Structure formats: structure tokens, C-alpha cells
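# Observations on the model geometry
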Amino acid sequence: MSSTKDPCISVCKFADDICLGCGRSKREIRAWKKLDKSDKRTVLAEASLRLIKLGAAGRRKGK
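Notes on the structure follow. Not measured: the values here are computed from a predicted model.

### Some thoughts on helix 2 (residues 37-54)
The first and last C-alpha atoms of helix 2 sit 25 Å apart over 18 residues, in line with the 26 Å expected at 1.5 Å per residue. Every buried residue of helix 2 is accounted for by Lys40, Val43, Leu44, Ala47 and Leu51. What you see down the axis of helix 2 is that its buried residues fit within an arc of 105 degrees, all on one side. Opposite the packed face of helix 2, turned more than 90 degrees from it, sit the exposed residues Leu49, Ile52 and Lys53. In this structure, the buried side of helix 2 is in contact with strand 2 (18-19) and helix 1 (26-31). With a side-chain oxygen lying 3.2 Å from the backbone nitrogen of serine 38, the N-terminal cap of helix 2 falls on aspartate 36. Two residues or fewer after helix 2 comes glycine 55, characterised by a positive phi angle close to 75 degrees.

Basis of the calculations
Residues numbered from 1 in each chain as written. Predicted model: local features only at pLDDT ≥ 70, side-chain atom pairs only at ≥ 80, totals over all residues. Heavy atoms only, no water. Helix = DSSP H or I, 4+ residues; strand = E, 2+ residues; numbered from the N terminus. Expected span 1.5 Å × (residues − 1). Buried < 20%, exposed > 50% of the residue type's maximum accessible area, 1.4 Å probe, protein only. Arc of directions from axis to C-beta. Contact = heavy atoms within 4.5 Å. Polar contact = N/O pair within 3.5 Å; in protein donor to acceptor, adjacent residues only side chain to side chain.

Now the structure itself:
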């Protein structure tokens, strides 16, 4: 994942402190704007794995 765009898709439903929309923890969501690109990429990779593990779709809302 090379993009560091905010992965929020405005779902914001949590299971065990993990957002089912983007896969980030509440702590990661709060810290997002302060993270550097490298840290953001790490969070995105971990979030993707969490969504897979949770079986969550994490899809973007239709435009």
C-alpha cells in the first residue's frame, strides 16, 4: 500500500476496539493526522489484515 490517504469510509462501527469500516483501532484513528507516511503505511497494512481476520468488508460507500 503506497497511499497514505485517510482510509475512513464513514462506517464507524467497532468490534473489540477495531473499526469495521477501515480496520484501524480507536487510538490509530485519533493519531492518524500526526503520523508520518511510514507509520501511516504500517497502520494501513495492519488494518487491512485486521479486516480480513474479522471478515469485515471495509468497502467504500457508493458515490
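Now that the structure has been shown, the text picks up again.
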